[in-house]
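Observations on the model geometry
Read off the chains here:
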Amino acid sequence: MKKFLNFSLGLLIASTLFVSCSDDDDNAMPDLSVNKGVVIENGATVTITTSELSIVDTDTEDIDIVFTVTKATENGILAHVDDLETAIENFTQADIAASKIVYVHNGSQTLTDEFSFSVTDGDNILTGTFNISIGEKQISYFYVLNEGSSNGSITMINRNDEVTNNYFSNANKGVTLGQYPQSMAMNEDYAFIVVTTGNGSGYVEVANKSNFTHYKTIEGFSYPREIAFVGDKAYVSNGKGQDASYAKENNEVYIIDLNTMTVTGQIAVGAGPEKMVVSNGKLYVANSGGYSNDDKTVTVIDVENDQVLETITVKSCPKDMVVDANGDVWVYCSGVPDWTNWPNVTYTDSGISKITESTSAVTSYELTNISTSGIKNIAINKAKDVIYFMSDAVYAMNITDTALPTTKFIDATFYGMDVNPVSDNLWLCEAVDATTAGTVHVYDNEGMEQKSFTVGYFPNSTTFSY
């Protein structure tokens, strides 16, 4: 005889339980008595016990109840406790009872996984699906980049809020990071710190991500500013935007092979390139004008062939950018400064320009009352549907809004701004001067300050590491 029964299995979805029975009425039908699934932390290993998965068969020993994996997990492996690197295809109820079967998550930013199985007592067959709910990947370390004066530094903050200043030099027996580190980014294995210097010989310091010990120094830059990754390549924006006679000068983006950590080419862009972001296979480069303050363009590059696709006009002196949930690029343009009444600096043609990725159409919003001196003045929330920016305060703007907000989100300005991609908190860098310790303030997404940390001199950004 054959029966088809529907049950709700696991944590997340309804599954079909297929029951196939032999004509041997002496062999009792097994019962899938427990199939609750499991909940685990991201990157963790969890044991599947009889509390999560269990077959009850009154006339069959556990060793003879055999599970066969019919559809494997995708975001980790089902393994035997004695070999966590090899996926298994079969196991028994006795293995489960002895806590021998584990699921090993691969650490990817995924929230669910599952495996399908059949189970038999030798005569009868059941099938089902076991669901795995995965917690969101958590930030383990927060790295604050401090520009400093003669030497910059890195402050490391762990998830217990313990602060270690001068983290790079401590890891490298007192060797300092160098003068004016400007930006920092990480891939799976390495931290890349872009060091501008004041003598025209900037470099990218590459450190091992696990402990920040020196790995390699990539040289050959005159005035490097920012770094962005695409596959096995990195791009570094470079140039002051001004030649020796103080005339406007266009600059370049260098290409780095991440396999060899060497510069393999360069791409001509506008003057004083700063921030770079990637959207839909295209690298967007903000040409700030640098010291000339004479550029208002964004260069768009095809990352497949590293050829310039187009140059888009935005508001003056674009310096920072983010990409929203639609793939559109939001460009923070600080405007052309007027130093006549120093220290009361005024700016013209400042604003935020939105580039629609699909059409390259530009919508610009005028900014007034700019009082922030930093260049890292725009950030985006976790869902990528709210833009944070600075002028005379911090403001929050939904990407569907058609005008800039007038209500202040945080009534203060800062030297740099980033958003924690897990908690959605804002990390705001307060810089005093090159010889006074700075502060990083952490605000929640309601605009309430949660905590603060004392860091190095002139903090400009925070990098989040899983």
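Summary of the structure given here. Just so we're clear, the structure is a prediction, and the values are computed from it rather than from any experiment.

1. Focus on the overall build of the protein chain
- Across its full length, the protein chain holds two helices and 42 strands.
- Taken across its 466 residues, the protein chain has 53% of its residues classed as buried.
- Put simply, of all contacts in the protein chain between residues at least 6 apart along the chain, 49% involve residues at least 24 apart.
- About 20,600 Å² of surface is accessible on the protein chain, with carbon and sulfur atoms providing 45% of the total.
- Of the charged side chains in the protein chain, 25 are positive and 61 negative; the average position of the first set lies 8 Å away from that of the second.

2. Some remarks on the packing of aromatic side chains
- Taken as a whole, this structure holds 23 aromatic pairs when the rule is applied.
- Considering the side-chain rings of Phe 67 and Phe 91, the 4.8 Å spacing of their centres and the 10 degrees angle between planes classify their relative orientation as stacked. Separated by 24 residues along the polypeptide, Phe 67 in strand S7 (residues 66-71) and Phe 91 in strand S10 (residues 90-92) bring together distant segments of the chain. Here Phe 67 and Phe 91 have matching classes, each one buried.
- These aromatic residues form a ring-pair network of at least three members: Phe 67, Phe 91, Phe 115, Phe 117 and Phe 130.

3. Some points on the side chain of Asn 238
- Looking at the secondary structure, you find Asn 238 in strand S22 (residues 233-238).
- Classification of Asn 238 as buried rests on a relative accessible area of 0%.
- A distance of 2.9 Å separates polar atoms of two side chains, one belonging to Asn 238 and the other to Ser 222.
- Within the structure, the side chain of Asn 238 is placed 2.6 Å from the side chain of Glu 252, a separation counted as a polar contact.
- Those residues in contact with Asn 238 that lie beyond four places of it in its chain are Phe 221, Ser 222, Tyr 223, Pro 224, Asn 251, Glu 252, Tyr 254 and Pro 273.

4. Here we look at the sheet that holds strand S17 (residues 181-186)
- Strand order across the open sheet formed by four strands is S17-S18-S19-S20, with antiparallel pairing between neighbours. Two strands in the sheet have a free side with no partner beyond their single neighbour: S17 and strand S20 (214-221). Averaged over all pairs of adjacent strands, the angle between their axes in this sheet comes to 20 degrees, without regard to strand direction.
- Bridge count between strand S19 (residues 202-208) and S20: five bridges; the pairing is antiparallel. Across the sheet, residue Glu 205 finds its bridge partner in S20, namely Thr 217.

5. A few points about the sheet that holds strand S28 (residues 307-313)
- The four strands are arranged S25-S26-S27-S28 in an open sheet whose pairing can be described as antiparallel. Each end of this open sheet is capped by a strand with a single partner; those strands are strand S25 (273-279) and S28. Between one strand and the next, the sheet's axes are offset by a mean angle of 25 degrees, whatever the strand orientation.
- Here six bridges tie strand S26 (residues 282-287) to strand S27 (residues 297-302), and the two strands are oriented antiparallel to one another. The residue of S27 that forms the bridge with Ala 286 is Val 298.

6. Remarks on the side chain of Ser 118
- Checked against the element boundaries, Ser 118 lands in strand S12 (residues 112-120).
- Judged by relative accessible area, which is 18%, Ser 118 ranks as buried.
- In this view, Ser 118 contacts Val 66, Phe 67, Thr 68, Thr 70, Ile 125, Leu 126 and Thr 127; residues no more than four positions away in its chain are not counted.

7. Observations concerning unusual backbone geometry
- A cis amide bond links Trp 342 to the next residue, Pro 343, at an omega of 10 degrees.
- Relative to the elements of secondary structure, Pro 343 occurs in the loop between strand S31 (336-338) and strand S32 (346-348).
- Within the chain, Met 261 stands out as a residue other than glycine whose phi angle is a positive 55 degrees.
- Residue position: Met 261 is located in the loop between strand S23 (252-257) and strand S24 (262-268).
- Note on Met 261: relative accessible area 4%, which makes it buried.

8. A few points about the nonpolar core
- In terms of nonpolar packing, the biggest core is built from 23 residues, with Leu 53, Phe 67, Leu 78, Phe 91, Phe 115, Phe 117 and Phe 130 touching the most fellow members.
- Those elements giving two or more residues to this core turn out to be strand S4 (38-40), strand S6 (53-56), S7, strand S11 (101-105), S12 and strand S13 (125-134).
- A total of four residues in this core trace back to one element, the largest contributor, which is S13.

9. Looking at the pattern of salt bridges
- Under the defined criterion, the tally for this structure stands at 12 salt bridges.
- The closest approach of N and O atoms between Lys 71 and Glu 114, which form a salt bridge, is 3.6 Å. One end of the pair, Lys 71, is in strand S7; the other, Glu 114, is in strand S12, with 43 residues separating them in the sequence.
- Residue class for Glu 114 comes out partly exposed when judged on its relative accessible area of 23%.
- Through salt bridges that share partners, Lys 296, Lys 315 and Asp 349 make up one connected network.

10. A closer look at the pairing of S23
- Counting buried residues in S23 gives five out of six residues, a clear majority hidden from the surface.
- Inspection of the sheet shows S22 paired to S23 by six bridges, in the antiparallel sense. Its bridge partner being in S23, Val 236 is matched across the sheet by Tyr 254.
- Two elements, S23 and S24, share six bridges in a ladder whose sense is antiparallel. Note on S24: the bridge partner recorded for Tyr 254 is Gln 266.
- Once S23 ends, the chain turns through four residues before running back antiparallel as S24, passing Met 261 with a positive phi of about 55 degrees.

11. Describing the environment of Ile 101
- You can see Ile 101 is positioned in strand S11.
- You can call Ile 101 buried: its relative accessible area is 1%.
- The spatial distance from the C-alpha of Ile 101 to the C-alpha of Gln 138 is 25 Å, given a sequence separation of 37 residues.

12. Observations regarding the environment of Thr 47
- Following the sequence through the fold, Thr 47 ends up in strand S5 (residues 45-47).
- Judged by its relative accessible area of 31%, Thr 47 is partly exposed.
- Each C-alpha atom, one on Thr 47 and one on Ala 98, is 10 Å from the other, the two residues being 51 residues apart in sequence.
- If near-sequence neighbours (up to four positions away) are discounted, Thr 47 is found in contact with Glu 52, Ser 99, Ile 101 and Val 102.

Conventions and cut-offs
- Per-chain numbering applies: the sequence of each chain, read as written, is numbered from 1 onward.
- Where local features are concerned, this predicted model is filtered to residues with pLDDT of at least 70; where side-chain atom pairs are given and counted, the filter is 80 or more; whole-chain, interface and lining totals use all residues.
- The side-chain figures draw on all heavy atoms in the structure; neither hydrogens nor water molecules are used.
- Each helix is a run of DSSP H or I of at least 4 residues and each strand a run of E of at least 2, with the numbering of both proceeding from the N terminus.
- Between buried and exposed lies partly exposed: a residue is buried under 20% and exposed over 50% of the maximum accessible area for its type, with that area taken using a 1.4 Å probe on protein chains only.
- Here, two residues are considered to be in contact whenever any of their heavy atoms come within 4.5 Å of each other.
- The Shrake-Rupley method, run with a 1.4 Å probe sphere, supplies the accessible areas, and residue values consider only the shown protein chains as cover.
- Only four residue types enter the tally: Lys and Arg on the positive side, Asp and Glu on the negative side, with His and both chain ends excluded.
- In plain terms, the charge of a residue is placed at NZ if it is Lys, CZ if Arg, CG if Asp and CD if Glu.
- Between rings of Phe, Tyr and Trp, where Trp is taken as its six-membered ring, a pair exists when centres lie within 6.5 Å; planes separated by under 30 degrees are stacked, by over 60 edge-to-face, and by other angles tilted.
- Each polar contact in these results corresponds to two N or O atoms within 3.5 Å; when the atoms are within protein, one needs to be able to donate a hydrogen and the other to accept it, and residues that are neighboring in sequence are counted only if both atoms are side-chain atoms.
- Here, a strand pair is defined by DSSP locating no fewer than two bridges between the strands.
- In this analysis, axes come from line fits to C-alpha atoms, helices being fitted only over the stretch in contact, and the angle between any two N-to-C directions falls in the range 0 to 180 degrees.
- Each nonpolar core is a collection of buried residues, namely Ala, Val, Leu, Ile, Met, Phe, Trp, Tyr and Cys, held together in the definition by side-chain atoms within 4.5 Å.
- By definition here, a salt bridge exists when the distance from a side-chain nitrogen of Lys or Arg to a carboxyl oxygen of Asp or Glu is within 4 Å.

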